[in-house]
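# An overview of the molecular structure
For reference, the chains in residue letters:
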Amino acid sequence: MEMVYKLSESFHQDRRRELFKRLNDTDLDLLMVFDATTLAYLTGFFHMTTERPIGIGFTPDGGVFALTTELEIDQLRGKAPWLDDIDTYFDYPEGDWNWIADRLVDRGYAGKRVGMDMANLVMSDAVEGYETVKARLGDGVRNAHRLLVELRLIKHPEEIELMRLGSKYCDYLVGVGFDSLKVGVTEYEVHRMAEDAVIRKMLAELPEVIDFNGYARGLVFGRSLFGGSSSLPHGPKGTAVLQPDTVVMITYGTAVCNYIGETERSGFFGSRRPIDEKRFQVMVECQDAGMEAVKPGVRCCDVWEAVKQVAVKHGMEDALRHHAGHGKGLETHEHPYLDAGDETVLQAGMMFSCEPGLYFPGEAGFRHSDTILVTETGYERLTHYPRDIESLTISVR
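Residues numbered from 1 in each chain as written. Predicted model: local features only at pLDDT ≥ 70, side-chain atom pairs only at ≥ 80, totals over all residues. Heavy atoms only, no water.

## Concerning the pattern of salt bridges
Between side chains of opposite charge, a pair can form when the charged atoms approach closely. For clarity, the threshold we go by: What counts as a salt bridge is simple: a side-chain nitrogen of Lys or Arg found within 4 Å of a carboxyl oxygen of Asp or Glu. Partly exposed describes any residue whose relative accessible area lies between the buried limit of under 20% and the exposed limit of over 50%, with all areas from a 1.4 Å probe on protein chains only and scaled to the type maximum.
Taken as a whole and assessed by the stated rule, the structure comprises 39 salt bridges. A salt bridge links Arg16 to Glu9, with the nearest nitrogen and oxygen atoms 3.3 Å apart. Given the relative accessible area of 9%, Arg16 is considered buried. What makes Glu9 partly exposed here is its relative accessible area of 31%. For Glu317, the salt bridge is made with Lys308, and the minimal N-O distance between the two is 3.8 Å. Here the salt bridges share partners, and the residues they tie into one network are Asp35, Arg152, Lys155, Glu331 and Glu334.

## Quick notes on helix H8 (residues 187-205)
What counts here: Under the scheme used here, helices are H or I runs from DSSP no shorter than 4 residues and strands are E runs no shorter than 2 residues, and both carry numbers assigned from the N terminus. The length a helix should cover is 1.5 Å for every residue beyond the first. The arc in question is the one traced by the directions running from the helix axis out to the C-beta atoms. Contacts: residue pairs with any heavy atoms within 4.5 Å of one another.
Here H8 contains 19 residues, and its C-alpha end-to-end distance of 27 Å stays within 8% of the 27 Å for a straight helix at 1.5 Å per residue. Among all positions in H8, only Glu187, Val190, His191, Ala194, Glu195, Ala197, Val198 and Met202 are buried. What you see down the axis of H8 is that its buried residues fit within an arc of 165 degrees, all on one side. Pointing more than 90 degrees away from the buried face of H8 are the exposed residues Arg200, Leu203 and Ala204. In this structure, the buried residues of H8 make contact with helix H7 (157-179), strand E7 (220-226) and strand E8 (246-256).

## Points about the pairing of strand E14 (residues 357-360)
For the record, the criterion: Should DSSP find at least two bridges between two strands, the strands are regarded as paired.
Covered by surrounding structure in E14 are Gly357 and Tyr359 together with Leu358 and Phe360, the residues of both alternating faces. Two elements, E14 and strand E15 (residues 364-367), share 4 bridges in a ladder whose sense is antiparallel. Note on E15: the bridge partner recorded for Gly357 is Arg367. Here E14 hands over to E15 after 3 residues, with Gly362 in that stretch at a positive phi of 80 degrees.

## Describing the pairing of strand E16 (residues 370-374)
By the criterion of burial, E16 is predominantly enclosed, with 5 of the 5 residues buried. A two-sided burial pattern is seen for E16, the buried positions comprising Asp370, Ile372 and Val374 on one face and Thr371 and Leu373 on the other. One ladder, built from 4 bridges, connects strand E13 (residues 351-354) with E16; its direction is antiparallel. From the neighbouring strand, Cys354 faces E16, where its bridge partner is Asp370. Bridging between E16 and strand E17 (residues 379-381) involves 3 bridges; their strand directions are antiparallel. For Val374, the partnering residue across the bridge sits in E17 and is Tyr379. Counting the residues between successive antiparallel strands, the hairpin from E16 to E17 contains 4 residues.

## Remarks on the packing of helix H9 (residues 274-293) against helix H10 (residues 300-313)
Using the following cut-off: Axis definition: a line fitted to C-alpha atoms, limited for helices to the stretch in contact. Angles are taken between N-to-C directions and run from 0 to 180 degrees. Roughly parallel refers to an angle under 35 degrees, roughly antiparallel to one over 145, roughly perpendicular to one between 65 and 115, and oblique to any angle outside these ranges. It is the rotation of the near helix from the far one that decides the hand of a crossing: anticlockwise by less than a right angle makes it left-handed, clockwise makes it right-handed.
Where H9 contacts H10, the axes come no closer than 8 Å and their chain directions differ by 155 degrees. As far as their axial angle goes, H10 and H9 are roughly antiparallel. Between H9 and H10 lies a crossing whose hand is right-handed. Contact residues: Val282, Glu285, Cys286, Ala289, Gly290 and Ala293 in H9; Val303, Ala306, Val307, Val310, Ala311 and Lys313 in H10.

## Some details on the nonpolar core
When a protein is soluble and globular, its nonpolar side chains tend to lie buried together. Defined as follows: Among the buried residues, those of types Ala, Val, Leu, Ile, Met, Phe, Trp, Tyr and Cys that are joined through side-chain atoms within 4.5 Å form a nonpolar core.
Residues Phe58 and Leu181 are the most contacted members of the largest nonpolar core, which totals 119 residues. Here this core takes 9 residues from H7, the largest share from any one element. Beyond its immediate sequence surroundings of up to four residues, Leu181 is in contact with Val190, Phe226, Leu242, Val248, Ile250, Phe269, Ile394 and Arg397.

## Some points on the side chain of Asp117
We apply this condition: Positive charges come from Lys and Arg, negative ones from Asp and Glu, while His and the chain ends are left out of the count. As used in this structure description, the phrase polar contact means that two N or O atoms lie within 3.5 Å; if the pair is within protein, one of them must be able to donate a hydrogen and the other to accept it, and residues adjacent in sequence are counted only when both atoms belong to side chains.
Its place among the elements puts Asp117 in strand E5 (residues 114-117). One buried charged residue, Asp117, forms no salt bridge at all, with the nearest opposite charge on Arg152 at 6.2 Å. Polar side-chain contacts of Asp117 include one of 2.7 Å to the side chain of His145. Excluding its chain neighbours within four sequence positions, the residues that come into contact with Asp117 are Met32, Val33, Phe34, Asp35, Thr38, His145 and Leu148.

## Re the sheet that holds strand E2 (residues 55-58)
One open sheet accounts for 6 strands, arranged E4-E3-E2-E1-E5-E6; its pairing is mixed. Of all strands in the sheet, those with a lone pairing partner are strand E4 (86-89) and strand E6 (141-143), marking the two edges. The mean inter-strand angle of the sheet, taken between neighbouring strand axes irrespective of direction, is 20 degrees. As paired elements, strand E3 (residues 64-69) and E4 share 4 bridges and run parallel to each other. Residue pairing in the sheet places Leu67 in a bridge with Asp87 of E4. Lying on the sheet, helix H2 (residues 36-43) is in contact with strand E1 (30-33), E2 and E5; it crosses E2 at an angle near 55 degrees. Relative to the sheet, helix H4 (residues 97-106) contacts E1, E3 and E4, its axis offset from that of E3 by approximately 150 degrees.

Spelled out as structure tokens, the structure:
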């Protein structure tokens, strides 16, 4: 099979057809998408999200038009040459949310039912944008983000292949991270060595390296954490210096055409304290329980409950700090979530991380994360870096 390293135009056409089908099941006269990631998903056009509002409109009869800055017009025409109905402004603040509202009024949408997807705006105020458009167009303006969330829940075969490829690079990243451990190295140095190595590998192996992320993340995200830092897994990459007999957490994701898998592993540099060995094993048991609970028909909250019961059994419920996992795809965190509050029913083709963690403030944190695909009968793990304690114990060097 030919390597899938980017989305094809037939993929984007298929996704637009499905969007129009779903749009016709609503009462909307127009769907305006401003989320850059979803725009890339639907059209192949990707851009850096800044203060400049950029949106594409979709109508139930199959119409498409764009409202964009002249800065992005060449990219838009290059990636979506079929899209020829385009209004442009020179730059912000000439082109602000009032400009967007004016163009929609000019197109006849005042008083109409207009859905807005305002997710993931980085430097532009989504609330201001929504309120400005609603003030000009009327009460028919509504939040339509859920329509796009549901469109992206079940992964297309091309998306699955991109996640498979990305997961291999995630495993490689974590391996470089563990291989880089030595007395005196800092967390940030390990991070840079792993990042540089995987980017070189991708450039050597892929026909094209595509980064949709813009300001959001880039090709590599994650961190290497030592000792007490690992109890704060979303803390900043730091300058802690590695010493013998330390718990380490190497946690990374890699984006192939922005499809972001993740491999995370806790381990040891040097000797292990018995209490930390116990914590490690309970964490692995929690992850096993979560993965084994995954199959079509099960609710997300049921997966969380399976994880929680393991922690309760071992008296470590208080060490849980977050859900058992989250959706994966074009974004590193997507709907749905393996959490007590999410009753979404799992379906074949959904993609998740499975990453229950146990955290002991000031001492250490323990978390493995793997990228998993929901199959017709259960799940498939796409990341394969070793998970056992012996493989993840590195001799002092």
